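# Structural characterization, general
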Amino acid sequence: MVKHVRETPDEVVDQAVAPNVNAEWVNMKGAWVIHVVLIVLAKLIINEVPGISDAMKWTIVNMGYMLVSYCIFHYVKGAPLDLNSGAYDELTLWEQIDQGYQYTPAKKYLTSLPIAMFLLSTHYSHYNPWLFSLNLAGLLLVLFPKLPILHRLRFLFFPSSSTAPSGVNTPLRRPSGFMAS
């Protein structure tokens, strides 16, 4: 099932009241560099593990980056610090960045970095067909949700009819004045 996430008028007002600190960090000084620093740090740590080929080390670093970035940018919804009265509860971090506008410098950078990681890992794996396929699958996992056509779309494989719009189970309450017989 495909579900399109729409904003209520209350959410639009709540989003305009204060800046979204959950997504503001992406445009701050040093935020782009930290990705490269963490990738280099992960590569240095993986290099210390004996018995793993260099091709596999690059694939592990690439797949690790792809998995972590997918979870952070595309899987988790909402904001950890709810300063906007739940206005971003239904949005992933990717949808919150730059108020949802596409093709901003931050989104271009965050799209090009997985591509660069894919190219590095396939080059250093000497285009091994198995590792290439694994790296390509990781790249597609991360790039697919970034497509503008998929903005605010959710693919639900096991949809539940008993969930509220926020995804939290709605408690059943009796209306006031209801008498049980």
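Residues numbered from 1 in each chain as written. Predicted model: local features only at pLDDT ≥ 70, side-chain atom pairs only at ≥ 80, totals over all residues. Heavy atoms only, no water.

### Remarks on the overall build of the protein
Rule in force here: In this description a helix means any DSSP run of H or I spanning at least four residues, a strand means any run of E spanning at least two, and both kinds are numbered starting from the N terminus. Relative accessibility decides the category of a residue: with a 1.4 Å probe and only protein chains considered, values under 20% of the type maximum give buried, values over 50% give exposed, and everything between is partly exposed. Methods summary: accessible areas were calculated by the Shrake-Rupley approach with a probe of 1.4 Å, and residue burial reflects only the protein chains presented.
Looking only at helices and strands, the protein has 7 helices and 2 strands in total. Put simply, the protein runs from its N terminus to its C terminus through helices and strands in the order β-α-α-α-α-α-α-α-β. Burial status across the protein gives 35% buried among its 181 residues. Total accessible area on the protein is roughly 11,900 Å²; 69% of this is exposed by carbon and sulfur atoms.

### A few points about empty space enclosed by the protein
Heads up, the condition is: The rule is simple: put a 1 Å grid over the protein atoms alone, call a set of points where a 1.4 Å probe fits but cannot get out a cavity, call an open set with protein on both sides within 12 Å along at least five of seven lines a pocket, and count a residue as lining if it has an atom within 4 Å of a point. Grid points are joined across faces, edges and corners, and a volume is the space filled by probe spheres set on the points. Nonpolar residues are Ala, Val, Leu, Ile, Met, Phe, Trp, Tyr, Cys and Pro. Charged residues are Asp, Glu, Lys and Arg, and all others, Gly as well, are polar.
Within this structure, the stated rule accounts for 1 cavity of 30 Å³ or more. Residue lining of the largest cavity: Val5, Arg6, Glu7, Glu11, Gln15, Ala87, Glu90, Leu91 and Arg152, and that is the complete set. The residue makeup of the lining of the largest cavity, split by class, is 3 nonpolar, 1 polar and 5 charged.

### Quick look at helix H7 (residues 129-143)
Definition in use: By this rule, a helix spans an expected 1.5 Å times one less than how many residues it contains. Here a residue-residue contact requires only that any non-hydrogen atoms of the pair lie within 4.5 Å. In the analysis that follows, any N or O atom pair within 3.5 Å is treated as a polar contact, provided that within protein one partner can donate a hydrogen and the other can accept it, and provided that, for residues neighboring in sequence, both atoms belong to side chains.
Taking 1.5 Å per residue as the helical rise, H7 with its 15 residues ought to reach 21 Å, and the 20 Å between its terminal C-alpha atoms agrees with that figure. Of the surrounding secondary structure, the elements contacted by the buried residues of H7 are helix H4 (54-75) and helix H6 (105-124). N-cap assignment for H7: the residue whose side-chain oxygen lies 2.9 Å from the backbone N of Trp130 is Asn128.

### Quick word on a nonpolar patch on the surface
Inclusion rule: Only residues whose relative accessible area exceeds 30% and that take part in no salt bridge are eligible for patches, with like-charged residues grouped when within 9 Å of each other and nonpolar side chains (Val, Leu, Ile, Met, Phe, Trp, Tyr) grouped when within 5 Å. Any Lys or Arg side-chain nitrogen found within 4 Å of a carboxyl oxygen on Asp or Glu counts as a salt bridge.
Residues Val2, Phe144, Leu147, Ile149, Phe155, Phe157 and Phe158 make up a contiguous nonpolar surface patch of roughly 870 Å² in combined accessible area. Within the secondary structure, Ile149 is located in the loop between H7 and strand E2 (153-155).

### Here we look at the UniProt feature "transmembrane region" (unreviewed entry) in the protein
Basically, it comes down to this: UniProt positions are given in the numbering used here, feature names are shortened, and annotations may be inferred rather than shown by experiment.
According to UniProt, the positions carrying the feature "transmembrane region" (unreviewed entry) are residues 30-46, 58-76 and 127-144. Summarising residues 30-46: 94% helix, 0% strand, and an end-to-end C-alpha distance of 24 Å. End C-alpha atoms of residues 127-144 are separated by 22 Å, and the span's content is 83% helix alongside 0% strand.

### Regarding the packing of H4 against H6
We count it as follows: Axis lines are fitted through C-alpha atoms, for helices just across the contact stretch, and the angle between N-to-C directions can take any value from 0 to 180 degrees. Relative orientations are named as follows: roughly parallel for angles under 35 degrees, roughly antiparallel for angles over 145 degrees, roughly perpendicular for angles from 65 to 115 degrees, and oblique for any other angle. Crossings are classed by handedness, with left-handed meaning an anticlockwise turn of the near helix from the far one by less than a right angle and right-handed meaning a clockwise turn.
With their axes 8 Å apart at the nearest point, H4 and H6 run at an angle of 160° to one another. By the angle between their directions, the pair H4 and H6 is classed as roughly antiparallel. At the point where H4 passes H6, the crossing takes the left-handed sense. Contacts between H4 and H6 involve Asp54, Ala55, Trp58, Thr59, Val61, Asn62, Tyr65, Met66 and Phe73 from the former and Leu110, Leu113, Pro114, Met117, Phe118, Leu120, Ser121 and Tyr124 from the latter.

### Thoughts on H6
Since the α-helix packs 3.6 residues into each turn, any two residues three or four apart lie on the same face. With 20 residues, H6 should cover 28 Å at 1.5 Å per step; its first-to-last C-alpha distance of 28 Å lies within 8% of that length. Buried-residue contacts for H6 involve helix H3 (31-47), H4, helix H5 (93-96) and H7. Among the residues trailing H6, His126 stands out with phi positive, at a value near 55°.

### Some points on the layout of surface pockets
Here the second largest pocket defines a volume of roughly 250 Å³. In terms of lining residues, the second largest pocket is bounded by 14 residues, among which His35, Leu38, Tyr65, Val68 and Ser69 are the most central. Of all the elements in the fold, those that place two or more residues in the lining of the second largest pocket are H3 and H4. Sorting elements by how many residues they give to the lining of the second largest pocket places H4 first, with 8 residues. Here the lining of the second largest pocket is composed, by residue class, of 11 nonpolar, 3 polar and no charged.

### Quick look at the side chain of His151
On the secondary structure map, His151 appears in the loop between H7 and E2. Taking the relative accessible area as the measure of exposure, His151 reaches 19% and is therefore buried. In this structure, His151 is in contact with His4, Glu95, Gly100 and Gln102, ignoring residues within four places of it in sequence.

### Notes on the nonpolar core
Quick note on the threshold: Joining through side-chain atoms within 4.5 Å is the link that ties buried Ala, Val, Leu, Ile, Met, Phe, Trp, Tyr and Cys residues into a set, and such a set is a nonpolar core.
With 20 residues, the main nonpolar core has Ile39, Phe73, Ile97, Leu110 and Met117 as its most contacted residues. Counting only elements with at least two residues in this core, the list comes to H3, H4, H5, H6 and H7. Here the element with the most residues in this core is H6; it accounts for 6 residues. Setting aside residues no more than four positions away along its own chain, Phe73 makes contact with Trp25, His35, Thr92, Leu93, Trp94, Ile97 and Leu110.

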